[in-house]
Amino acid sequence: MYLGIDLGTSGVKAMLIDDGQQIVGSASGALTVSRPHPGWSEQAPADWVRATEEALDALKAAHPAALSKVRGIGLSGQMHGATLLDRQDRVLRPCILWNDTRSHAEAAALDADPRFRAITGNIVFPGFTAPKLAWVKNNEPDIFSQVRWVLLPKDYLRLWLTGEHMSEMSDSAGTSWLDTGARRWSPELLAATELEERQMPNLVEGTDSAGTLRPELAARWGLGSGVVVAGGAGDNAASACGMGTVSDGAAFVSLGTSGVLFAANGSYLPNPASAVHAFCHALPNTWHQMGVILSATDALNWHSRITGASAADLTAELGATLKAPSGVTFLPYLSGERTPHNDASIRGAFAGLGHESDRVALTQAVLEGVSFAIRDSLEALRLAGTTLTRVTAIGGGSRSRYWLKSIATALSLPVDVPADGDFGAAFGAARLGLIAASGSDPVSVCQAPATAETIEPETALATAYDEAYGRYRRLYPAIRDAVI
């Protein structure tokens, strides 16, 4: 058996698979986010441990015999979080999360240093780790002076599980300290934020062993001795392993809290000017590109709260047939945007409202706005040298066939829907645990699931969608200077 542990923003999920990659069981523990000031987003690392304990306790209660057969564990997690520890591995402050934008000024200052884009292949976004440390240095100097270790969220769980300060390439590529092409820490960039390589965890590939489970934890959950903990992956790279998106040209679109267009690459293809992320993949000698929007299902959930109707009821009101855009346009920039604008201050907007604009029209505009934001990512990937012929849809939003038809039409690409099953980050992490423990070939393990259905673009609406996308593109520069 093999165990995948995914540390998300809203919870920890633990998934157990057998050596045939069949899911035996899963369980979760809930998490909440603290927002003490506008633009801030934090969690206490102790809550990650508590939620993981809850998930594993539930798995043990349901599958004690299976859990005793675990040979490998893989870790996945929310990226970019700054978990700061002192010399005794004590947490110095709450972790500053990926969607925290307080360090926008520090990010701009680092990004103005040409070494960062040249070495990392990426813009320095406010959500990345390095500007968070610069913010701590500027605003909490007493804490900064005590920092002995900077760990990413899943790697704090690894420290608890194994006692090791270790990380891997895919997650570390989102810090703004990694030489992404060479797959190693950059002493030059660390020095630019007054840090040293000794304050970073040791690096391995995601498929390598990165420690063994501590005996007292193995005893608590009935696991054997010598259980290998794999390097693992950042959440999107782990999802790619679960989806089999590991070979050049394979791609998926994720409709979760945020939205992601992810493409695997057989070589390193940076183009930071397009605001595309160019990161290491979890598999050796593999990279990936990623366009990221900060509000995907989050935009629909916001609309749900405002209207008092559930997200499912709102999408059901649209019916089964894709409609032509109504003229109402929605910008889904509720918490700023990454690809392609790199703008932490921009906020969302409806435009083109009239007396006839009812709830259905607004729901349609919200779904289209997210579809157009994903098209922005597709155009950015094209500028970075990647051509896609189809994508696979994952995430909670992919349950809406209307939304998938909208995305297919906006992208002019077929969208594959995988057969029923959970192929997300926890499953990908379990696969990495299997590879690390068994020595199996990574590509043969990370196969794509069967396709249950393919959603084709609605060619009759292609022109209408192109015109609506043009309106969408013109709105951002029109409102940018009006948003404070």
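Residues numbered from 1 in each chain as written. Predicted model: local features only at pLDDT ≥ 70, side-chain atom pairs only at ≥ 80, totals over all residues. Heavy atoms only, no water.

1. Regarding empty space enclosed by the protein
Scanning the entire structure with this criterion turns up four cavities of 30 Å³ or more. Of the pockets and cavities examined, the largest cavity occupies roughly 90 Å³. In terms of lining residues, the largest cavity is bounded by 13 residues, among which Thr-101, Pro-126, Gly-127, Leu-294 and Arg-338 are the most central. Here the lining of the largest cavity is built from residues that sort into five nonpolar, four polar and four charged. (1 Å grid on protein atoms, 1.4 Å probe; cavity = no way out; pocket = protein on both sides within 12 Å on 5 of 7 lines; lining within 4 Å. Points joined across faces, edges and corners; volume = space filled by probe spheres on them. Nonpolar A, V, L, I, M, F, W, Y, C, P; charged D, E, K, R; others polar.)

2. Side note on the pattern of salt bridges
Opposite charge on two side chains lets them pair, provided their charged atoms get close. Per the counting criterion, the structure on display carries 29 salt bridges. The partner of Glu-379 in a salt bridge is Arg-382, and the shortest N-O contact between them spans 3.0 Å. One end of the pair, Glu-379, and the other, Arg-382, are both in helix 14 (residues 359–383), three residues apart, so they sit about a helical turn from each other. What makes Arg-382 partly exposed here is its relative accessible area of 39%. Its salt-bridge partner being Asp-481, residue Arg-480 comes within 3.9 Å of it at the nearest N-O pair. In this structure Arg-480 comes out as partly exposed when scored by relative accessible area, which is 38%. On the basis of relative accessibility, which here comes to 68%, the residue Asp-481 falls in the exposed class. Bridged by salt links that share partners, the residues Glu-42, Arg-93, Asp-100, Arg-102 and Glu-140 form one connected network. (Salt bridge = Lys/Arg side-chain N within 4 Å of Asp/Glu carboxyl O. Helix = DSSP H or I, 4+ residues; strand = E, 2+ residues; numbered from the N terminus. Buried < 20%, exposed > 50% of the residue type's maximum accessible area, 1.4 Å probe, protein only.)

3. Let's talk about the packing of aromatic side chains
Tallied over the full model, the rule gives 17 aromatic pairs. For the pair Trp-40 and Trp-135, a centre-to-centre distance of 5.4 Å together with 85° between the ring planes defines the contact as edge-to-face. One end of the pair, Trp-40, is in the loop between strand 3 (23–30) and strand 4 (42–43); the other, Trp-135, is in helix 5 (residues 129–139), and 95 residues separate them in sequence. Of the two residues examined, Trp-40 and Trp-135, each falls in the buried class. Each member of the aromatic cluster is reached from another via a ring pair, and the members are Tyr-333, Phe-372, Tyr-465, Tyr-469, Tyr-472 and Tyr-476. Across the ring face of Trp-40, the terminal group of Arg-102 is positioned such that the distance to the ring centre comes to 3.5 Å. The ring of Trp-149 carries the charged tip of Arg-148 above its face, separated from the ring centre by 4.1 Å. (Phe/Tyr/Trp six-rings, centres within 6.5 Å; stacked < 30°, edge-to-face > 60°. Lys NZ or Arg CZ within 6 Å of the ring centre and 35° of its normal.)

4. Let's talk about the layout of surface pockets
Approximately 200 Å³ is the volume attributed to the second largest pocket. Taken together, 16 residues make up the lining of the second largest pocket; nearest its centre are Ala-250, Ala-251, Thr-392, Asp-416 and Ala-448. Elements supplying a minimum of two residues to the lining of the second largest pocket: strand 22 (391–394) and strand 23 (415–418). Looking at the lining of the second largest pocket, its residues break down into eight nonpolar, six polar and two charged.

5. Description of the sheet that holds strand 23
One open sheet accounts for seven strands, arranged 18-19-17-16-22-23-24; its pairing is mixed. Of all the strands in the sheet, just strand 18 (277–280) and strand 24 (451–455) have a single pairing partner and so form its edges. Across the sheet, the axes of successive neighbouring strands diverge by a mean angle of 30°, strand direction being ignored. Across seven bridges, the pairing between strand 17 (residues 259–265) and strand 19 (residues 287–293) is antiparallel. Of the residues in strand 19, the one forming a bridge with Asn-265 is Trp-287. (Pairing = 2+ DSSP bridges. Axes fitted to C-alpha atoms, helices over the stretch in contact; angles between N-to-C directions.)

6. Comments concerning the packing of helix 14 against helix 15 (residues 401–411)
For any two helices packed against each other, one specifies the inter-axial angle together with the distance between the axes. In the contact formed by helix 14 and helix 15, the axes pass within 9 Å of each other and the chain directions differ by 40°. In terms of orientation, helix 14 and helix 15 fall into the oblique class. Between helix 14 and helix 15 the crossing geometry is right-handed. Contact with helix 14, carried on its side by Gln-364, Leu-367, Glu-368, Val-370, Ser-371, Phe-372, Ile-374, Arg-375, Leu-378 and Arg-382, involves Tyr-402, Trp-403, Ser-406, Ile-407, Ala-410 and Leu-411 of helix 15 and no other residues of that element. For the contact of helix 14 with helix 15, the residue count by class is ten nonpolar, three polar and three charged. (Parallel < 35°, antiparallel > 145°, perpendicular 65-115°, else oblique. Left-handed = near helix turned anticlockwise from the far one by under 90°. Contact = heavy atoms within 4.5 Å.)

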